[in-house]
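Below are the chains, spelled out letter by letter.
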Amino acid sequence: MLTSPLVLRLLACASLASTASSSSTSAKTTPQRIIYTGLSSAADDSGSDLLLDALTKDGYVSITDIRSQHGLHFREMKRNLMSNLHECLSDIGEDVPLQHLDDGTVRKSFATVTLPSADDAASQQPIHLLDDYLARNPHKSAACHAFQEHLSDFRSTVGDATRLFAARLSVELGVALPSPLLLSSNVKRGTDHYDDVESVVMGSEHLEHFHSYQKGDDVKEGNDSMATIELHTDQGLFIAFTPGMLVDHSTDQSMELSDGFYVQDSTTGENVLLEFTQDDDLVFMLGDGVNQIINNQLGDEDGKKVLRATPHALSLSHEQPRVWYGRMVLAPSDAYLPEAASTTFGQLRQVFVESSSKGESIPMGIGCSSNSKMVINTSRFLADEEHDEDEGGHGVSENQCADDSMFCWYRCMALTEETATCAERRLGLQCVDPRGLVVEGGAGHGDFYPACTNNTHITHPITPYPQIEQQDTDVCTADLWTEFNAEEEYDHVISLKPDPTKPGPDTNLYWSIIESEDGQKKLKARLTFNDVFGWLAMGFANEFDTVHNGMNGGKVLLMKPGGEYSPVTGLDLSVGPNVGAYVIDDTDSAFRHWVDTESAVEKASHEHTDCFTALSFESDNISGQTFSLEGTTDDIIWAGNSNDYYVGYHSPFSRARLTINWLTGDVEFFVSKPAWGAEDDADVSEAGPLDSPTKLEDDDSSSSTIGASIGLAIVIISIMMH
C-alpha cells in the first residue's frame, strides 16, 4: 500500500507560495538560449548537454528562432495572436473570468487544454468562451476574429517545441532514470507504461492559459511596491511560456517586452529580475513535478543531473495591459510511481481537492520547493446543524457521498453501471449538463448529472444560456404595469412577494370563484409577472416532498414561449407560446424529466409584451387535483423566469410557496432557510419553492428574516500561471 508520507509528499506539491519577498532588486539575469534548429537536430545526440546545465543550475531555459511546420516565424505568430488578446477579452466583457490580485491588478483569462495525442492540433480543445461569443456575435470584435485566426497554428507550434524539449531532456537524462519511469494503470487495456520523460509529457494533459493583466482603477496608494504574484513554484513537470508583452492600443497595438518577472537565484537565494532581450523566446521552466517524477528516481550518485524547480514571482507597475501565455504539463492522470502501489496522479489530484474541501490539514514542503499552500477559498457557512438531508434542501457536502455516488448539483448522485466504469475506459467522471459543460467539484445549480467524459471545467466551463432581451426601464413604467394589471375585475388580489423589501419582480395573483351553468364551481385566475417572458408557472405543491419544498411531484400549469424542448438548444420558438399541465418528477427536478399530462386546460391563455407576462385560466383542477373552493386551503407554488428560453434558471426572488383560502382570500407564505446557493442562482429544478417551511403571516412578511445562511466551502487549487 502507498504510505501516508508519500501520499502527502505527492499531494503537497501543488501551487505554492514562499514567504520570501519578491520586491524589486537591482540584480538581473538572462536565460540560457538555445536555437530551435539546434534542439531539433540534437534530439538523438547524447554526446552533449544542451539543457541540463541550465536546468540543474537555474531550472529554466529559453528556445529561440522557432519556426512552425509551415515555416512561419514564432515571433510573428506570437505578435499576431497576443496583440489581440486584451482587446478581445475586453470585447467579450462580463463573461470573461477575472481575478483581482492583491496589488490591485486585474487578470482576465482564456483557459483550455491540449489532450494526449500524437497530433497536437487534433488534440487541441477549443476555447469555448471565445467560440460561443463569436457564434453569437459573428460581426463583432475584429480582435477576437484575429485572435481565433492565429490560435491553432500558435498552439501547434508550442506543442511541437514542447515535444522536442521533452525528447531532448529524455536523451540527456539517459540511463540515470529507470525505465519505465512511470507505470500506467491502464496497461492491461493495451496502454503502454511511460518509459521516459518524453512519453510522460506526450501522455499528459497540457493546461493552457492566456492572461491579460492590467492595473485596476482602484489601485491603492503604495501598491506599486506589492508583488502581483508572490514567490511560488508551479505545479506540474514544467511550464512553457511566452514572456509578458505590453500592448499599446494607442499605437495600432504595438508590443514591447514587459519587465517585472523575478526568479530566485539558486546560489544566493536573492530574487533577481529575469530579462528577456528577444521577443521570440519560448521559455521552459521546471515545476515541483520534477522532484517527484525525476529527482526522486535518479540513479545519479554525484547529483549532477538533479533538476531545479524554479521559484518565481511577478511584480507589475505598468498601466498598459500585459499579455502572457503559458502551457503547463501535468503528470498523466493514469500514471503512478512504481512505489505508489497503483495510486495514480489523477487520483492523488482528486484526493488533494477533496482533502482541501474537507478542511483537512496537508503538510507542505515535503520534497517541494516551497512551503505554503495557495488556495482560493469561497465559503458559505452552514449555520444550522439541523438542516440536513432528512429535513430536505441540500444539507449534504462532497465528503458525505458514498463510494457508489458522486457530489453533483449540491447533492450525492448515484453512479450507474456506465458511470462506475469511467476510469477503465480512460475517461474522467465529471458533473456535467446536457451541453457537455462541466461544473467544478459538482458545486452548481442546474441540470447536472454524472457522466464519463474527457471534458473538464477548464476545457468546457459552465457558460450562461443566451439571454433574452430584457426590459427597457424607460418604457416599462410603473403606470404601464398598473394598466397591465387592471384589465379585468377580480374578487381577490395578492402580491406573491412574501417580502416586498427583497429584490425581484412584482408578481400578483388575481382570482374569483365562478359557477358554470350546471352549478360547478371553478377558479378564474390571472397571474401577472412584472418582467419579460422566459416562462411562468403556478400550481399545487406536493406536501410529501421535503427535498425541494413541495416542488417534486407537484402539479403545475406552465406557460412557455415555445415547444419541442431540448436541454441543449432550449425551446423551439417557432411553435409559439402555449400553456400546458405538467407533473414534476418525484426525484429528478430538471424540466426534461417533467411529464406533460396533455390534460386540457380550460380557457387557459397567455399574455406577454416587451415588459410584462401573464398567465390566465378557468378550471376546477390541474391534472386531476381539484382546487378547494369551499373554504379550506390549497398549498400553492409559483415561479417565473425572465432570463432565457431553456426552462431552467429562475431567481430565488421569483418564486414562493404559500397556502391560499380561495373563498376568504386569506394567505400564509412559507418561509425557510434557503437552499444551498439560493442567495445567488437557482434553477427551475429548485422551483421557486423554498425549503422546509415555517409559516409567516403575510402582514408580517416585510419584517421577517430568513433563518440561516447555508452553503458549501469550495476549495480550488490555484495554478499560479503568469
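Cut-offs and rules
- Residues numbered from 1 in each chain as written.
- Predicted model: local features only at pLDDT ≥ 70, side-chain atom pairs only at ≥ 80, totals over all residues.
- Heavy atoms only, no water.
- pLDDT = per-residue confidence, 0-100.
- Helix = DSSP H or I, 4+ residues; strand = E, 2+ residues; numbered from the N terminus.
- Contact = heavy atoms within 4.5 Å.
- Disulfide = S-S within 2.5 Å.
- Buried < 20%, exposed > 50% of the residue type's maximum accessible area, 1.4 Å probe, protein only.
- Phe/Tyr/Trp six-rings, centres within 6.5 Å; stacked < 30°, edge-to-face > 60°.
- Lys NZ or Arg CZ within 6 Å of the ring centre and 35° of its normal.
- Expected span 1.5 Å × (residues − 1).
- Bend = angle between axes of the 7 residues up to and from the residue.
- Polar contact = N/O pair within 3.5 Å; in protein donor to acceptor, adjacent residues only side chain to side chain.
- Salt bridge = Lys/Arg side-chain N within 4 Å of Asp/Glu carboxyl O.
- Core = buried A, V, L, I, M, F, W, Y, C linked by side-chain atoms within 4.5 Å.
- Pairing = 2+ DSSP bridges.
- Arc of directions from axis to C-beta.

1. Things to note about the confidence of the model for the protein
Part 1: Chain-level pLDDT for the protein is 79 on average; 77% of the residues reach the 70-or-more range.
Part 2: Of all the helices and strands in the protein, strand 18 (residues 375–378) carries the lowest mean pLDDT, 24, while strand 14 (residues 282–286) carries the highest, 96.
Part 3: Across residues 1–24, confidence stays below pLDDT 50; counting only partners more than four residues off in sequence or on other chains, it has 82 contacts.
Part 4: Here residues 672–720 is a poorly scored stretch, pLDDT under 50, and it has 183 contacts once near neighbours within four places are set aside; other chains count.

2. As for the state of the cysteines
Part 1: Under the counting rule described, the total for this entry stands at 5 disulfides.
Part 2: One disulfide bridge connects Cys408 with Cys431, the sulfur atoms lying 1.9 Å from each other. Linking Cys408 and Cys431, the disulfide has an S-S dihedral of approximately 75° and is accordingly described as right-handed. Pair noted here: Cys408 is in strand 19 (residues 405–408) and Cys431 is in strand 21 (residues 428–432), with a separation of 23 residues, a long-range link.
Part 3: When its relative accessible area of 0% is taken as the criterion, Cys408 is described as buried.
Part 4: Covalently, Cys476 is tied to Cys611 through a disulfide, its sulfur atoms 2.1 Å apart. Handedness here is read from the sign of the S-S torsion; for Cys476 and Cys611, about -80°, the answer is left-handed. Of the two residues, Cys476 sits in the loop between strand 22 (449–453) and helix 12 (478–485) while Cys611 sits in the loop between strand 32 (605–608) and strand 33 (613–619), which places them 135 residues apart along the sequence. Pair check on accessibility: Cys476 and Cys611 agree, each one buried.

3. Comments concerning the packing of aromatic side chains
Part 1: What the rule picks out here adds up to 27 aromatic pairs.
Part 2: Both rings, one in Trp481 and one in Phe484, keep their centres 6.2 Å apart while their planes meet at 15°; by these two values the pair is stacked. With Trp481 and Phe484 both in helix 12 and 3 residues apart, the pair spans about one turn of that helix.
Part 3: Under the relative-accessibility criterion, Trp481 is labelled buried at 9%.
Part 4: A centroid spacing of 5.7 Å and a plane angle of 85° characterise the contact between Phe627 and Trp662, whose relative ring orientation is edge-to-face. Separated by 35 residues along the polypeptide, Phe627 in the loop between strand 35 (625–626) and strand 36 (634–641) and Trp662 in the loop between strand 38 (655–660) and strand 39 (667–671) bring together distant segments of the chain. The pair formed by Phe627 and Trp662 is uniform in burial state, with each residue classed as buried.
Part 5: A network of ring pairs unites the aromatic residues Phe74, Phe110, Phe147, Phe154, Phe210 and Tyr325 as a single cluster.
Part 6: Its end group placed over the ring of Tyr490, Lys524 keeps NZ or CZ at 5.8 Å from the ring centre.

4. Regarding helix 8 (residues 142–173)
Part 1: Between its first and last C-alpha atoms helix 8 spans 46 Å; for 32 residues at 1.5 Å apiece the expected length is 46 Å, and the two agree.
Part 2: Of all the bends in helix 8, the largest measures some 40° and sits at Leu151.
Part 3: Across the 32 residues of helix 8, 23 count as buried, placing the element largely inside the fold.
Part 4: A positive phi of about 50° marks Gly174, the residue just after helix 8.

5. What to know about unusual backbone geometry
Part 1: In the segment running from Ser179 into Pro180, the intervening peptide bond is cis, with an omega of 5°.
Part 2: In this fold, Pro180 is placed in the loop between helix 8 and strand 7 (183–184).
Part 3: One non-glycine residue with positive phi stands out, namely Asp65, at about 55°.
Part 4: Of note, Asp65 is situated in the loop between strand 4 (60–64) and helix 4 (74–82).
Part 5: Look at Asp65 and you get partly exposed, because its relative accessible area is 33%.
Part 6: For Glu598, which is not a glycine, the phi torsion comes out positive at approximately 55°.
Part 7: Position of Glu598 relative to the elements: it lies in the loop between strand 31 (595–596) and strand 32.

6. Here's the deal with the side chain of Glu172
Part 1: In this fold, Glu172 is placed in helix 8.
Part 2: Owing to a relative accessible area of 4%, Glu172 belongs among the buried residues under this scheme.
Part 3: A distance of 3.0 Å separates the side chain of Glu172 from the backbone nitrogen of Leu51, its partner in a polar contact.
Part 4: Of note is the side chain of Glu172, whose polar atom sits 2.7 Å from the side chain of Arg168.
Part 5: Excluding its chain neighbours within four sequence positions, the residues that come into contact with Glu172 are Ser48, Asp49, Leu50, Leu51, Leu52 and Lys305.

7. Some details on the pattern of salt bridges
A side chain with one charge can pair with a side chain of the opposite charge if their charged atoms come near.
Part 1: Scanning all chains against the criterion turns up 19 salt bridges.
Part 2: The salt bridge partner of Lys497 is Asp506, with a shortest N-O separation of 4.0 Å.
Part 3: The exposure class of Asp506 is partly exposed, given its relative accessible area of 36%.
Part 4: Notably, a salt bridge pairs Glu630 with Lys521, separated by 3.3 Å at the nearest N-O pair. With Glu630 in the loop between strand 35 and strand 36 and Lys521 in strand 25 (residues 521–529), the pair connects residues that are 109 residues apart, well separated along the chain.
Part 5: For Glu630, a relative accessible area of 60% translates into the label exposed.
Part 6: Here the salt bridges share partners, and the residues they tie into one network are Arg155, Glu208 and Arg327.

8. Considerations on the nonpolar core
Part 1: By size, the foremost hydrophobic cluster in this structure holds 67 residues, and its most contacted members are Phe110, Leu130, Phe147, Phe210, Phe284 and Ile294.
Part 2: No other element matches the 12 residues that helix 8 contributes to this core.
Part 3: Setting aside anything within four residues of it in sequence, one finds Phe147 in contact with Leu81, Asn84, Leu85, Phe110, Ile127, Leu130 and Phe210.
Part 4: Judged by nonpolar contacts, the second largest core, of 29 residues, contains Phe529, Leu536, Ile636 and Phe669.

9. Concerning the pairing of strand 38
Part 1: Counting buried positions along strand 38 yields 6 of 6 residues, so the element is predominantly enclosed.
Part 2: Covered by surrounding structure in strand 38 are Arg655, Arg657 and Thr659 together with Ala656, Leu658 and Ile660, the residues of both alternating faces.
Part 3: Pairing of strand 36 with strand 38 involves 6 bridges; the strand directions are antiparallel. Each bridged residue has a counterpart across the sheet, and for Trp638 the counterpart in strand 38 is Ala656.

10. Some thoughts on the environment of Gln99
Part 1: Within the fold, Gln99 resides in strand 5 (residues 98–100).
Part 2: Between the alpha carbons of Gln99 and Tyr213 there is a distance of 9.6 Å; along the sequence they are 114 residues apart.
Part 3: A polar contact of 2.8 Å, which involves the side chain of Gln99, links it to the side chain of Arg107.

11. Re helix 4
Part 1: Among all positions in helix 4, only Phe74, Met77, Lys78, Leu81 and Met82 are buried. Considered in projection along helix 4, the buried side chains sweep an arc of 105° and stay on one side of the axis.

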